[in-house]
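# Results of the structural survey
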Amino acid sequence: MPASVQHDADAHRFTLATDAGDAALEYDLDGDRATFTHTAVPEAAEGEGVGSRLVRGALDAARDEGWTVVPQCPFVASYIKRHPDAGTGIVAE
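Going along each chain's sequence as written, the residues are numbered from 1 onward. The model is predicted, so local features are restricted to residues of pLDDT at least 70 and side-chain atom pairs to those at 80 or more, both for listing and for counting; the totals for chains, interfaces and linings are taken over all residues. Side-chain measures here rest on the full set of heavy atoms in the structure, leaving out hydrogens and waters.

### Description of the pairing of strand 5 (residues 68-71)
Where a strand is regular, its side chains alternate between the two sheet faces. Any two strands with at least two DSSP-identified bridges between them are counted as paired. Secondary structure elements follow DSSP: runs of H or I no shorter than four residues count as helices, runs of E no shorter than two count as strands, and numbering proceeds from the N terminus. With four bridges joining them, strand 4 (residues 33-40) and strand 5 adopt parallel strand pairing. Counterpart to Phe36 in the pairing with strand 5 is Pro71.

### Some remarks on the nonpolar core
We define the nonpolar core as a collection of buried residues of types Ala, Val, Leu, Ile, Met, Phe, Trp, Tyr and Cys that are connected through side-chain atoms lying within 4.5 Å of one another. Buried, partly exposed and exposed residues are distinguished by accessible area as a fraction of the type maximum, computed with a 1.4 Å probe on protein chains only: under 20%, between the cut-offs, and over 50%, respectively. One finds Phe14, Leu25, Phe36, Leu59 and Val76 to be the most contacted residues of the largest nonpolar core, which totals 23 residues. Sorting elements by how many residues they give to this core places helix 1 (residues 50-65) first, with seven residues. Should any heavy atoms of two residues lie within 4.5 Å, those residues are counted as being in contact. Residues within four places of Val76 in sequence aside, it is in contact with Leu25, Phe36, Thr39, Val55 and Pro71.

### Some remarks on the pairing of strand 4
Across seven bridges, strand 3 (residues 21-30) lies against strand 4 in antiparallel orientation. The partner of Leu29 across the bridge, within strand 4, is Ala34. In sequence, strand 3 turns back onto strand 4 through a hairpin of two residues, with Gly31 there showing a positive phi of about 65°. Running through helix 1, the crossover from strand 4 to the neighbouring parallel element strand 5 is right-handed. Whether a crossover is right-handed comes down to one check: with the strands pointing away from the viewer, does the path from the first strand over the helix to the second run clockwise; if it does, it is right-handed.

### Regarding helix 2 (residues 74-82)
Those residues of helix 2 that fall on the buried side of the exposure criterion are Val76, Tyr79 and Ile80. Summarising the axial view, the buried residues of helix 2 lie within an arc of 95°, below the 170-degree limit, and thus occupy one face. Seen from the open side of helix 2, the exposed residues pointing more than 90 degrees away from its buried face are Pro74 and Lys81. On its buried face, helix 2 is in contact with strand 3, strand 4, helix 1, strand 5 and helix 3 (84-87). By construction, the arc corresponds to the directions joining the helix axis to the C-beta atoms.

### Quick word on the packing of helix 1 against helix 2
Direction vectors running N to C along helix 1 and helix 2 enclose 80°, while the axes themselves pass 10 Å from each other. It follows that helix 1 is roughly perpendicular to helix 2 by the angle criterion. In this structure, helix 1 contributes Gly51, Ser52, Val55, Arg56 and Leu59 to the contact, and helix 2 contributes Phe75, Val76, Tyr79, Ile80 and Arg82. Interaxial angle, 0 to 180 degrees, is taken between N-to-C directions of lines fitted to C-alpha atoms, where a helix line uses only the stretch in contact. For classification, angles of less than 35 degrees are called roughly parallel, those exceeding 145 degrees roughly antiparallel, those between 65 and 115 degrees roughly perpendicular, and all remaining angles oblique.

### Quick look at the pattern of salt bridges
One side-chain nitrogen of Lys or Arg within 4 Å of one carboxyl oxygen of Asp or Glu is enough to make a salt bridge. As enumerated under the stated definition, the model contains four salt bridges in all. Ionic pairing is found between Glu26 and Arg13, a salt bridge with its closest N-O pair at 3.3 Å. Of this pair, Glu26 sits in strand 3 while Arg13 sits in strand 2 (residues 13-18), and the two are 13 residues apart along the sequence. According to the relative accessible area criterion, Arg13 is partly exposed, its value standing at 30%. Ionic pairing is found between Arg56 and Asp85, a salt bridge with its closest N-O pair at 3.6 Å. With Arg56 in helix 1 and Asp85 in helix 3, the pair connects residues that are 29 residues apart, well separated along the chain. Residue class for Arg56 comes out partly exposed when judged on its relative accessible area of 29%.

Below, the structure is given as structure tokens:
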């Protein structure tokens, strides 16, 4: 079973464990507005869908938290553009 996305609220980070190390999505939080600032995937895990699983998990968690998401990170913005349903109702215009 694939690893699940973990949320470290104190560090403002979502992580996903891989055999090559943790992938991470960092964010800034201002009230209920989360700016997703940076996504990093270990080089050995690139091309395996790790980044997409990480972003999807982070968006699902943001929805659960009632956050509005600002996709400042180009990877997150690209993911939302390719999968608009993932950001429905939570992505800032």
